[in-house]
Amino acid sequence: MRTSQEVPAIRQAEAGREAVLLRWGLIPYWAKDEKFGYHTINARAETVDRKPAFRSAFKRRRCLIPATGFYEWKKLNRHKQPYHIRVKDRELFAFAGLWEHWRSPEGKAIESCTIIVTDANEVLKPIHDRMPVILDPGDYDTWLDPDNRDVDRLRSLLRPYPPNRMEFWPVSWKAGSLHMIRLRGLQLAEAVIPARCTVLFLLSPYR
DNA sequence: CCAGACGTTGTT
DNA sequence: GTCTGG
DNA sequence: CCAGACGTTGTT
DNA sequence: GTCTGG
């Protein structure tokens, strides 16, 4: 497993939404070492507004992390079976994320992010007990608005995705596999990159 | 009080 | 920066 | 998962 | 033996 990986993210800037690449694994601004991010690829929805590592980003630095699918492993007797999971009828969806800015004592700056996770819905529970939060497109504006201080409203968006909107199938596992897809007329590479239990797949322009 | 943690999952 | 655990 | 703790009060 | 912290 690589120690760090960049993922695409959408966030609200002064001039409007912007797409950026962020290091996956949120590094709080007060962290002494960038290695802190090794343990923060996920944030629990149940506590994300209170945990010291995430609460500051939860207030002002929420983002979307686009994906075409994700993976979870089902524990079997001796092995683990990976499943590819998608949202029905949608080639592209978005995880609820947070981002943060960090600067080392030497001045090295890193922008990083994390994906919020919650309880798995009834369909995914047999595979794994947790799942990333997937937002409805109608909630993107609410989630991204840095001036939104309505914590209850924001937290209410962090629910398991409706189970009848998901589809999944078992896949074979090969680290670093890559395949080409067409999305909205663009040829893209869909990368499958392992990182503990949740894997993100996305979207970088194919060259 | 004050040093040390501050995070998630659970094999890779 | 703030909380917690010893 | 697995190693290590397993207790109380709370400054000097 | 069981819980917890890493």
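Residues numbered from 1 in each chain as written. Chains lettered and ligands numbered in written order. Predicted model: local features only at pLDDT ≥ 70, side-chain atom pairs only at ≥ 80, totals over all residues. Heavy atoms only, no water.

Draft legend 1. The arrangement of the pattern of salt bridges in detail. According to the stated counting rule, one finds 14 salt bridges in the structure shown. Across the pair Glu 46 and Arg 44 runs a salt bridge, and its minimum N-O distance is 3.8 Å. Owing to a relative accessible area of 26%, Glu 46 belongs among the partly exposed residues under this scheme. Within the structure, one salt-bridge network assembled from shared partners comprises Arg 44, Glu 46, Asp 119 and Arg 130. (Salt bridge = Lys/Arg side-chain N within 4 Å of Asp/Glu carboxyl O. Buried < 20%, exposed > 50% of the residue type's maximum accessible area, 1.4 Å probe, protein only.)

Draft legend 2. View of the packing of aromatic side chains. Summed over all chains, the structure comprises 4 aromatic pairs. Residues Phe 58 and Trp 143 carry aromatic rings whose centres are separated by 6.1 Å and whose planes lie at 70° to one another, so their mutual orientation is edge-to-face. On the criterion of sequence distance, the pair formed by Phe 58 in helix α1 (residues 55–60) and Trp 143 in helix α2 (residues 140–144) is long-range, its members being 85 residues apart. Given the relative accessible area of 0%, Trp 143 is considered buried. (Phe/Tyr/Trp six-rings, centres within 6.5 Å; stacked < 30°, edge-to-face > 60°. Helix = DSSP H or I, 4+ residues; strand = E, 2+ residues; numbered from the N terminus.)

Draft legend 3. Expanded view of the pairing of strand β2 (residues 16–24). By the bridge criterion, 8 bridges tie strand β1 (residues 6–13) to β2 in an arrangement that is antiparallel. The partner of Gln 12 across the bridge, within β2, is Arg 17. The antiparallel hairpin formed by β1 and β2 contains 2 residues in its connecting segment. As defined by bridge partners, β2 adjoins strand β8 (residues 109–119) across 2 bridges and the pair is classed as parallel. Paired with Trp 24 across the strands is Cys 113, a residue of β8. (Pairing = 2+ DSSP bridges.)

Draft legend 4. Region of interest: unusual backbone geometry. Phi is positive for Asp 89, which is not a glycine, with a value near 65°. Tracing the backbone shows Asp 89 in the loop between β6 (80–87) and β7 (93–103). The exposed category is assigned to Asp 89, whose relative accessible area is 81%.

Draft legend 5. Molecular detail of the environment of Ile 127. Relative to the assigned elements, Ile 127 resides in the loop between β8 and β9 (130–132). When sequence neighbours within four positions are dropped, the list of residues in contact with Ile 127 reads Glu 72, Trp 73, Lys 74, Lys 75, Tyr 83 and Phe 168. (Contact = heavy atoms within 4.5 Å.)

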